Amino acid sequence: MKPDFPFQKVPRDFFLFTYFGIIIVMKKEAIEFKILKKSSETKARTAVMTTPHGDVKTPMFMPVGTLATVKFVSPEELYDIGSQFILSNTYHCWLRPGEKIIEAAGGLHKFMNYDGPILTDSGGFQVFSLAQMRNIKEEGVYFKNHLSGDKLFLSPEKAIEIQNSLGADIIMSFDECPPFPATYEYMKDSVDRTLRWAIRGKEAHKRADQALFGIVQGGEFEDLREYSAKELVKIGFPGYAIGGTSVGEDKPTMYKMIDYGIKYLPEDKPRYLMGVGTVDAIFAGVERGIDMFDCVLPTRIARHGTAMTTLGNLNIRNKKFEEDFSTLDENCDCYTCKNYTKAYLRHLIKANEGLGMRLLSIHNLRFLLKLMEEIRESINNDSFLELKEHYYKIYDIKE
RNA sequence: GCGAUUAUGGUGAAGUGGUUAACACGGUAGAUUGUGGUUCUAUUAUGCGUGGGUUCGAUCCCCACUAGUCGCC
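Since the structure is predicted, the reported quantities are computational estimates derived from the model, not experimental observations. (Residues numbered from 1 in each chain as written. Chains lettered and ligands numbered in written order. Predicted model: local features only at pLDDT ≥ 70, side-chain atom pairs only at ≥ 80, totals over all residues. Heavy atoms only, no water.)

## Things to note about the pairing of strand β17 (residues 306-309)
Okay, so step 1: Residues Thr306 and Met308 line one face of β17 and the alternating positions Ala307 and Thr309 line the opposite face, and both faces are buried.
Okay, so step 2: Turn length for the β17-strand β18 (residues 312-315) hairpin, with the two strands adjacent in sequence and antiparallel, is two residues. (Buried < 20%, exposed > 50% of the residue type's maximum accessible area, 1.4 Å probe, protein only. Helix = DSSP H or I, 4+ residues; strand = E, 2+ residues; numbered from the N terminus. Pairing = 2+ DSSP bridges.)

Written out as structure tokens, the structure is:
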């Protein structure tokens, strides 16, 4: 049973609820993280994360639902394919419909009729990825609305305030996601600023039923990643993300970015690798002790006709599937694979039909979620490396 | 039957007496990482209705034929 929160302002790190009319105050985090098994082969681990909207198993993959929806996929379908967590976005929900509308609806969960745990990204990445004009200052970021061109301002406090209104289970610090490559001098300033923003965000955070995560930055610079991680830990968060990856760097560089920071993060807190969702990077991340992933890739490439399968990626648009009436992936148990043929999916995607995008989105998400199930099982069975080797072979991935 | 007019790839079409025939759609293939349902990249006519002629050289100029469109009887 989810407790109600009678007061807006609750001292952070304290948990308030009423019990037979008496207000009980408890020191408690919004989430708890309990490690179940540590891999004997690697730094991988399995755990259970308790959230206000239920328990989830890690390592996990979180489908992305930027605009309070995983594009084309309903909440019921998300439950069906084994999705545990979804990611939504501060910046996008702020612009439309507006966080106050969502708050008035009873928060994101009620608004979108999704009862599982939700994480909201802070908007820091959108400043990097969407804004043509951005002016990064100590107080925050001035930039243009990518829809209308209006001038906007987002600060650490504002990002937290919006996220408090949205009401996700996990919310993120407002960070700067610097471009790759960036100079050492730029990165040093950026990391420092992001750390100051993390402190300000933590001060501004008002809801004890939401866990605020910090974000490690520092680009590909070892000492900056170390510094960023250590300073964040001093500030203290219930979970830590690794940001600034998948911004154009190559895989070995990405893995270094993880390695440089993760060793300074506490073992007993969840680690979240932001924006990563290729098969190889998921294995590489899990191997290094990552617990959470999110990525737009499976749903985006689905809309453009690429299916992720147990036999590798497959472009359903290809002519060779014109008369192929077999199932997409015979090792998959999803709705799409149980009911539709490649030829039909090809037709739908080529005709730009929404159903095609929907069916491939469901499939790709199921593929990744099932992959995560297999990964958790392999960690528990101490056969993680064997599983990794299996998939690296299929996907023709070199270390 | 007579006159006018047009003929360029799968489609709609630009274009010029002189190396590789514009562009768009479509086709084929690839990309996509804290969302681009509308994106990006590459590739796609050894040939300009058919046959002659003029010319150093013709898809372009000339003639005939064929086919379409419009008009007249």
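## Focus on the packing of helix α13 (residues 342-350) against helix α14 (residues 354-380)
Okay, so step 1: Packing of α13 against α14 brings their axes to within 7 Å, and their N-to-C directions diverge by 125°. Judged by the inter-axis angle, α13 sits oblique to α14. You can see that α13 and α14 cross each other, and the crossing is left-handed. Contacts between α13 and α14 involve Tyr344, Leu345, Leu348 and Ile349 on the former and, on the latter, Leu355, Gly356, Met357, Leu359 and Leu360.
Okay, so step 2: Here the residues of the contact of α13 with α14 sort into eight nonpolar, one polar and no charged. (Axes fitted to C-alpha atoms, helices over the stretch in contact; angles between N-to-C directions. Parallel < 35°, antiparallel > 145°, perpendicular 65-115°, else oblique. Left-handed = near helix turned anticlockwise from the far one by under 90°. Contact = heavy atoms within 4.5 Å. Nonpolar A, V, L, I, M, F, W, Y, C, P; charged D, E, K, R; others polar.)

## Quick notes on the pattern of salt bridges
Okay, so step 1: Taken as a whole, this structure holds 21 salt bridges when the rule is applied.
Okay, so step 2: In this structure, aspartate 192 and lysine 188 form a salt bridge, with 2.9 Å as the shortest nitrogen-oxygen distance. Of this pair, aspartate 192 and lysine 188 both sit in helix α7 (residues 184-204), separated by four residues, roughly a single helical turn.
Okay, so step 3: For aspartate 192, a relative accessible area of 17% corresponds to the buried category. (Salt bridge = Lys/Arg side-chain N within 4 Å of Asp/Glu carboxyl O.)

## Digging into unusual backbone geometry
Okay, so step 1: The peptide bond linking arginine 96 to proline 97 adopts the cis configuration, its omega dihedral lying at 5°.
Okay, so step 2: Examined against the element boundaries, proline 97 turns out to sit in the loop between α2 (90-95) and α3 (99-104).
Okay, so step 3: Phi angles above zero are rare outside glycine, and asparagine 352 is one such case at about 60°.
Okay, so step 4: Residue position: asparagine 352 is located in the loop between α13 and α14.
Okay, so step 5: The backbone of aspartate 382 shows a phi angle near 60°, a positive value even though the residue is not glycine.
Okay, so step 6: For aspartate 382, a relative accessible area of 29% translates into the label partly exposed.

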